[in-house]
Amino acid sequence: MKIRAIIHPAEEGGYWAEVPALPGCITEGETMEEVMANLKDAIEGWLDVANSRYAIESTDRVVKIVISNQFLASNFVRL
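Conventions and cut-offs
Residues numbered from 1 in each chain as written. Predicted model: local features only at pLDDT ≥ 70, side-chain atom pairs only at ≥ 80, totals over all residues. Heavy atoms only, no water. Pairing = 2+ DSSP bridges. Helix = DSSP H or I, 4+ residues; strand = E, 2+ residues; numbered from the N terminus. Salt bridge = Lys/Arg side-chain N within 4 Å of Asp/Glu carboxyl O. Buried < 20%, exposed > 50% of the residue type's maximum accessible area, 1.4 Å probe, protein only. Core = buried A, V, L, I, M, F, W, Y, C linked by side-chain atoms within 4.5 Å. Contact = heavy atoms within 4.5 Å. Axes fitted to C-alpha atoms, helices over the stretch in contact; angles between N-to-C directions. Patch = residues over 30% accessible without salt bridge, like charges linked within 9 Å, V, L, I, M, F, W, Y side chains within 5 Å. Areas by Shrake-Rupley, 256 points an atom, 1.4 Å probe, with all protein chains shown as cover. Lys, Arg positive; Asp, Glu negative; His and termini not counted. Charge placed at Lys NZ, Arg CZ, Asp CG, Glu CD.

Caption draft 1: View of the pairing of strand E2 (residues 15-18). In the sheet, strand E1 (residues 6-9) pairs with E2 via 4 bridges, with the strands oriented antiparallel. Its bridge partner lying in E2, Ile 7 is registered against Ala 17. Counting the residues between successive antiparallel strands, the hairpin from E1 to E2 contains 5 residues, one of them, Gly 13, with a positive phi of roughly 105°. Of the strand pairs in this sheet, E2 and strand E3 (residues 26-29) are connected by 4 bridges, and their pairing is antiparallel. Note that in E3 the partner of Glu 18 across the bridge is Ile 26.

Dropping the structure here:
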């Protein structure tokens, strides 16, 4: 899965980042490496919260979908 994040230099030093596709998903870090690690945690946390907001009935089936470049290439590029 690929998701776009925008990393900005912070006025006080370091960086802050946002994920436009996930409203409110922002983080910060002193170094580029730290902000990248924090982005991964922020995205995972955002998705965990979003997924927990739905009531699941006993008759519902919950599935996990993994999106990878290989899956996209093999299943959606055919013309």
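And the narrative resumes.
Caption draft 2: How the structure looks around the pattern of salt bridges. A complete count under the given rule lists 1 salt bridge for this structure. Salt-bridge contacts for Lys 40 lead to Glu 44; the nearest nitrogen and oxygen are separated by 2.9 Å. Here Lys 40 and its partner Glu 44 are both found in helix H1 (residues 32-52), 4 residues apart, which amounts to about one turn of the helix. Since its relative accessible area comes to 38%, Glu 44 is described here as partly exposed.

Caption draft 3: The nonpolar core, seen in detail. Of all hydrophobic cores here, the largest spans 8 residues; its members are Ala 17, Val 19, Leu 22, Cys 25, Val 35, Leu 39, Ala 42 and Ile 43. Of the residues forming this core, the biggest block, 4 residues, is contributed by H1. Contacts of Leu 22, omitting those with residues within four sequence positions, involve Ile 3, Ile 43, Trp 46 and Leu 47.

Caption draft 4: Fine view of the sheet that holds E3. Pairing within the open sheet is antiparallel, and its 3 strands lie in the order E1-E2-E3. With partners counted over all chains shown, the strands left at the sheet margins are E1 and E3, one partner each. Adjacent strand axes in the sheet meet at a mean angle of 25° when their direction is disregarded. Here H1 sits on the sheet in contact with E1, E2 and E3, set at roughly 155° to E3.

Caption draft 5: How the structure looks around the side chain of Thr 27. With respect to the helices and strands, Thr 27 occurs in strand E3. Each residue touching Thr 27, except ones within four places of it in the same chain, is listed here: Trp 16, Ala 17, Val 35, Asn 38, Leu 39 and Ala 42.

Caption draft 6: Quick peek at a negative patch on the surface. Judged by side-chain charge, Glu 11, Glu 12, Glu 28, Glu 30 and Glu 34 come together as a negatively charged surface patch. When its relative accessible area of 35% is taken as the criterion, Glu 34 is described as partly exposed.

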